[in-house]
Amino acid sequence: MKSKKGAETNNAGNIAVLVALIALFIIIYVLLLPPSARRELLGDESGVGVGNNSGSGNVYFSRYLGELSPSTQVNSVYHNIPAVNMFTTNDKDLTTLSGYLQVSSAFIGSKSQNIAFNLDSPEDVKKASLYLLVEEADGNLILKLNGQEIYNNQLRANIQETIELPLQYLQGQNNIQLFVSSPGWMFWKTNNYKIREIKLRKETKISNKLVERTISIPASEWGSIDKAILKYSVFCDREEDNILSIFVNDQLLYKDVPFCNIDADEIEVDKNNLVYGTNKIRFETMDGDYLIEQISLKTLLQKETRPEEVFSVSQDEYKDIRRGLKNVVAYIDFGNRGNRRLLNLDINGEIVEVDTNQDVYSLKISDYIKQGGNSIKIEPRNTFEIIEFNVELV
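It is worth spelling out unusual backbone geometry at this point. Note: most residues except glycine have negative phi, and most peptide bonds are trans. The phi torsion at Gln 294 lies on the positive side, around 50°, for a residue other than glycine. When you line up the elements, Gln 294 lands in strand β21 (residues 290-301). Unlike most non-glycine residues, Asn 348 shows phi in positive territory, near 50°. Topologically, Asn 348 is positioned in the loop between β24 (341-347) and β25 (350-356). Classification of Asn 348 as partly exposed rests on a relative accessible area of 26%.

Moving on, we come to the pairing of strand β20 (residues 277-285). Pairing geometry for strand β15 (residues 210-217) and β20, over 8 bridges, is antiparallel. Bridge pairing links Val 211 to Phe 283 in β20. Relative to β20, strand β17 (residues 244-248) is paired through 5 bridges, and the arrangement is antiparallel. Paired with Phe 247 across the two strands is Arg 282, which belongs to β20.

Every disulfide links exactly two cysteines, by a covalent bond between their sulfur atoms. A complete count under the given rule lists 1 disulfide for this structure. At a sulfur-sulfur separation of 1.5 Å, the disulfide partner of Cys 236 is Cys 260. Its S-S torsion of about -45° marks the bond between Cys 236 and Cys 260 as left-handed, since a negative value means left-handed. In this pair, Cys 236 sits in the loop between β16 (225-235) and β17 while Cys 260 sits in the loop between β18 (251-256) and β19 (265-269), placing the two residues 24 residues apart along the sequence. With respect to class, Cys 236 is no different from Cys 260; both count as buried.

What follows concerns the side chain of Ser 129. Along the chain, the position of Ser 129 falls in strand β9 (residues 125-137). The class of Ser 129 is buried, set by a relative accessible area of 5%. Within the local environment of Ser 129, its side chain forms a polar contact with the side chain of Glu 164, the two groups lying 3.1 Å apart. The residues contacting Ser 129, other than those within four sequence positions of it, are Thr 162, Ile 163, Glu 164, Leu 165, Lys 199, Leu 200 and Arg 201.

Further remarks concern the packing of aromatic side chains. For the structure shown, the criterion picks out 6 aromatic pairs. A centroid spacing of 5.9 Å and a plane angle of 45° characterise the contact between Phe 61 and Phe 311, whose relative ring orientation is tilted. One end of the pair, Phe 61, is in strand β2 (residues 58-63); the other, Phe 311, is in strand β22 (residues 308-313), with 250 residues separating them in the sequence. Residues Phe 61 and Phe 311 agree in their burial class; the two are buried. Look at Trp 222 and Tyr 276: their rings are 5.8 Å apart centre to centre, the planes differ by 65°, and that puts the pair in the edge-to-face class. One end of the pair, Trp 222, is in helix α3 (residues 219-222); the other, Tyr 276, is in the loop between β19 and β20, with 54 residues separating them in the sequence. With relative accessibility at 26%, the residue Trp 222 sits in the partly exposed group. Three or more aromatic residues link up through ring pairs in this structure, and these residues are Tyr 60, Phe 61, Phe 311 and Phe 389. Positioned over the ring face of Trp 222 is Lys 271, at 4.6 Å from the centre of the ring. Directly above the ring of Phe 247 sits Arg 282, whose terminal nitrogen or CZ lies 4.2 Å from the centroid.

What follows is about the side chain of Asn 382. Along the chain, the position of Asn 382 falls in the loop between β27 (372-380) and β28 (384-393). Side-chain polar atoms of Asn 382 contact the backbone oxygen of Arg 340, separated by 2.9 Å. A polar contact is formed between the side chain of Asn 382 and the backbone nitrogen of Leu 342, at a distance of 3.0 Å. Apart from the residues lying within four places of it in its own chain, the contact partners of Asn 382 are Leu 68, Ser 69, Pro 70, Arg 340, Arg 341 and Leu 342.

Tracing the backbone through its elements, the reader meets Ser 362 in strand β26 (residues 360-364). Residue Ser 362 is classed as buried on the basis of its relative accessible area of 8%. Sequence spacing of Ser 362 and Asp 333 is 29 residues, and the spatial spacing of their C-alpha atoms is 8.8 Å.

Scoring rules and cut-offs
Residues numbered from 1 in each chain as written. Predicted model: local features only at pLDDT ≥ 70, side-chain atom pairs only at ≥ 80, totals over all residues. Heavy atoms only, no water. Helix = DSSP H or I, 4+ residues; strand = E, 2+ residues; numbered from the N terminus. Buried < 20%, exposed > 50% of the residue type's maximum accessible area, 1.4 Å probe, protein only. Pairing = 2+ DSSP bridges. Disulfide = S-S within 2.5 Å. Polar contact = N/O pair within 3.5 Å; in protein donor to acceptor, adjacent residues only side chain to side chain. Contact = heavy atoms within 4.5 Å. Phe/Tyr/Trp six-rings, centres within 6.5 Å; stacked < 30°, edge-to-face > 60°. Lys NZ or Arg CZ within 6 Å of the ring centre and 35° of its normal.

Structure follows, in structure tokens:
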């Protein structure tokens, strides 16, 4: 017959064994649950933990990534360029040079007059004339332009006279001298001209024959360029036959009479003609009248430049991860302090959205890890800097 003390001891042992079995079954049950159900059961829906220091376990990799932005995710980048208006036209202008003047010549003396005027671009003047309103006229009126005689003639009173100015004598600063011919042997006579008004009428060619535009290409984009395409549309009179030239950084890209008012033209630009930083695109014509719109330079990148890291998890490490004995944690140390960072982490094809203001951000990624090779990519959704990006087994 067993004693009462022995019975109590056996009961306690049986209870301990039962508790141990229940705990073991719970652990196995939790480990066999899908990752999402396990996180919900354990109250860890996000899998995110934030700290100021990385773990002290096995470091799979540690990288400096620098500045990242959404533009690095695309295979092409568009640089839009403002429209270009190239034209040649004539502008007519009428300017009063003198309101009233008098010139005379006599045996005992003479009186002449000087009129000065300036031209901004004398080479662009196509036609120039003087309009004179004459009140009195005796003898010949003589005009010199910049020292060259251009007119010597007898006029009548109360008329308007037009005198052409030879274009070859025009300068930036001009001087017109007015004289009257001598009365000769009639020493008692005075030749006299009273001119009430003198006006200069000129017809000037105004042209916009050269237009330059600039675009900026970052070094990160330039380093990935495979080729570039310049696209533009030309609008003009279909009878226009003047040559249009296009240069990229002083390298001739196109020289021909363009087709007007049709679909956009495309010209391939060699990467060697582009530089990182400021690039100049120049349009030239001699006398053409062209409106160039919808101008853009599209750069085609060789590959996507999203940061991607590959690391390997051994069989023993994977067993510890599955049992919950160890965790794989991604740590991100941002450089631009206090800013909001938006990014996606692509872990073996599983996307985790991150929205944080933390300077150092950590994320437990054990549920996405597999045995052998693993891949993790950063897809930025705004611009930020990463000083250090590492993944550790802790």
